[in-house]
Amino acid sequence: MDREIATPGHLTQGQVAEDFDGWADSYEEMVNQAVAFAGRKHVFYINVKREHILRLAQRYFTHLKSLNVLDLGCGVGAYHPGLEGRFRELHGVDVSARSIKLAARRHPFVLYSTYDGSRLPYSDGQFSMVFTTGVMHHVPPLQWKSFVAEAYRVTAPGGLMLVFENNPYNPLMQYFVKTCDVDKDAVLLRPAKLRRMFTAAGFTDVFTRTIFSVLPAGRFLTRMDSLLGNLPFGAQYYLSARKKAL
């Protein structure tokens, strides 16, 4: 039987949206305070994961500029600097209207929308790639299944799904979650559970790999972090999955 690392709260998506509306203006400062013990600012981790997103996209697609891409749960658009001009279209969606307002002001090249946490405001198969970074542990557990189903619905046949999550097996990540107000109601997902959810939703080629086993600063440590990705020690992990082509 699966048992999550944190005790599931009873928040609704509306309450999550209200929380993030309140944190939107100070979100980066709050996270920086929580990660200060590791000696790096939040932007360092954002840059590393953005490079993973681009590298994985290049592995599966020949021409990135032909892709329509969705950042699901984009918040204030922290991952969008550095993505301008990379894709045909870049969309961002979130339940926090305040976060979307700030993101749109900062990144006019992104097409932003809000939603109620239930049905995404996009057509079936609209996106060649969907990515979501540090979002699912904020989704109420009872809605995980529908969240994954919606991601599947808007992903195009043959498309790529990427999920980045905190690793509940890493003690430093457990410390971070306990000390960061943004994660006060977070429920960390084990990689195996996440793989099962995405497989059950219909995705294929589902696998996970850890990152941040060491801080990937420089070529040598970046290579070391990659080599350690098959071990369960990294502070975070990513899931990659495909939607079967027609």
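Being a predicted model, the structure only gives us computed values, none of them experimental.

### Brief notes about the packing of aromatic side chains
Right, on to step 1. According to the stated counting rule, one finds 7 aromatic pairs in the structure shown.
Right, on to step 2. Between Tyr-122 and Phe-127, the ring centres sit 4.9 Å apart and the planes meet at 85°, which makes this aromatic pair edge-to-face.
Right, on to step 3. On the basis of relative accessibility, which here comes to 8%, the residue Tyr-122 falls in the buried class.
Right, on to step 4. Residue classification places Phe-127 among the buried positions, given a relative accessible area of 0%.

### Concerning the environment of Gly-73
Right, on to step 1. Looking at the secondary structure, you find Gly-73 in the loop between strand 1 (68-72) and strand 2 (89-94).
Right, on to step 2. For the pair Gly-73 and Thr-114, spaced 41 residues apart in the sequence, the C-alpha separation amounts to 9.3 Å.
Right, on to step 3. If we skip the residues at most four places from it in the chain, Gly-73 touches Val-93, Asp-94 and Val-135.

### Quick look at helix 5 (residues 144-154)
Since there are 3.6 residues in each turn of an α-helix, residues three or four apart along the chain are aligned in direction.
Right, on to step 1. For helix 5, every residue scored as buried is listed here: Trp-144, Phe-147, Val-148, Glu-150, Ala-151, Arg-153 and Val-154.
Right, on to step 2. In this structure, the buried residues of helix 5 make contact with strand 1, strand 4 (127-133), strand 5 (155-166) and helix 7 (191-200).

### Remarks on the side chain of Lys-243
Right, on to step 1. By secondary structure assignment, the location of Lys-243 is in the segment after strand 7 (236-242).
Right, on to step 2. With residues up to four places along the chain from it excluded, the contact list for Lys-243 reads Tyr-152, Arg-153, Thr-155, Ala-156, Pro-157, Gly-158, Gly-159 and Phe-203.

### Examining the nonpolar core
Right, on to step 1. Counting 42 residues, the largest nonpolar core has Phe-87, Met-129, Phe-131, Leu-162 and Phe-176 as its most contacted members.
Right, on to step 2. The dominant element in this core, judged by the number of residues it contributes, is helix 3 (residues 42-60), at 7 residues.
Right, on to step 3. In this view, Phe-87 contacts Leu-54, Leu-64, Lys-65, Leu-67, Val-69 and Met-129; residues no more than four positions away in its chain are not counted.
Right, on to step 4. Listed in part, the 30 residues of the second largest apolar core include Leu-70, Phe-147, Leu-189 and Ala-241.

### Comments concerning the sheet that holds strand 2
Right, on to step 1. An order of 3-2-1-4-5-7-6 is seen for the 7 strands of this open sheet, with the pairing classed as mixed. The open sheet is flanked by strand 3 (111-114) and strand 6 (204-211), the only strands paired with a single partner. Each adjacent strand pair in this sheet contributes to an overall mean axis angle of 15°, direction not counted.
Right, on to step 2. Against the sheet, helix 7 contacts strand 5, strand 6 and strand 7, and its axis sits at roughly 160° relative to strand 6.

### Things to note about the packing of helix 2 (residues 27-35) against helix 3
Right, on to step 1. Running from N to C, helix 2 and helix 3 cross one another at 95°; their axes reach a closest spacing of 8 Å. As summarised for this structure, helix 2 and helix 3 are arranged roughly perpendicular, according to the angle between their axes. Contact residues: helix 2 offers Tyr-27, Glu-28, Val-31, Asn-32 and Val-35, while helix 3 offers His-42, Val-43, Tyr-45 and Ile-46.
Right, on to step 2. Its residues assigned to classes, the contact of helix 2 with helix 3 shows 6 nonpolar, 2 polar and 1 charged.

### A closer look at unusual backbone geometry
Right, on to step 1. The backbone of Asp-205 shows a phi angle near 50°, a positive value even though the residue is not glycine.
Right, on to step 2. By the element assignment, Asp-205 lies in strand 6.
Right, on to step 3. We classify Asp-205 as exposed; its relative accessible area is 55%.
Right, on to step 4. Positive phi, close to 65°, is recorded for Phe-212, a residue that is not glycine.

Calculation rules
Residue positions are given per chain, counted from 1 along the sequence in the order it is written. Totals for whole chains, interfaces and linings use every residue, but because this is a predicted model, local features are given only for residues with pLDDT of at least 70 and side-chain atom pairs only at 80 or more, for both listing and counting. As a convention, hydrogens and water are excluded, and side-chain values are obtained from all of the structure's heavy atoms. Put simply, two rings from Phe, Tyr or Trp (the six-membered ring, in Trp's case) pair if the centres are within 6.5 Å, and we call them stacked under 30 degrees between planes, edge-to-face over 60, tilted for the rest. When accessible area is computed with a 1.4 Å probe and restricted to protein chains, residues below 20% of their type maximum are described as buried, those above 50% as exposed, and intermediate ones as partly exposed. Only runs of H or I of at least four residues qualify as helices and only runs of E of at least two qualify as strands under DSSP, and these elements are numbered from the N terminus. Contacts were defined at the residue level, with two residues in contact if any of their heavy atoms lie within 4.5 Å. Here, the term nonpolar core denotes a set of buried Ala, Val, Leu, Ile, Met, Phe, Trp, Tyr and Cys residues that are joined through side-chain atoms within 4.5 Å. Two strands are said to pair when DSSP picks up at least two bridges between them. Here an axis means a line fitted to C-alpha atoms, over the contact stretch when the element is a helix, while the angle between two N-to-C directions is reported on a 0 to 180 degree scale. Here roughly perpendicular refers to angles of 65 to 115 degrees, roughly parallel to angles under 35, roughly antiparallel to angles over 145, and oblique to all remaining angles. Asp, Glu, Lys and Arg are counted as charged, while Ala, Val, Leu, Ile, Met, Phe, Trp, Tyr, Cys and Pro are counted as nonpolar; the rest, among them Gly, fall into the polar class.

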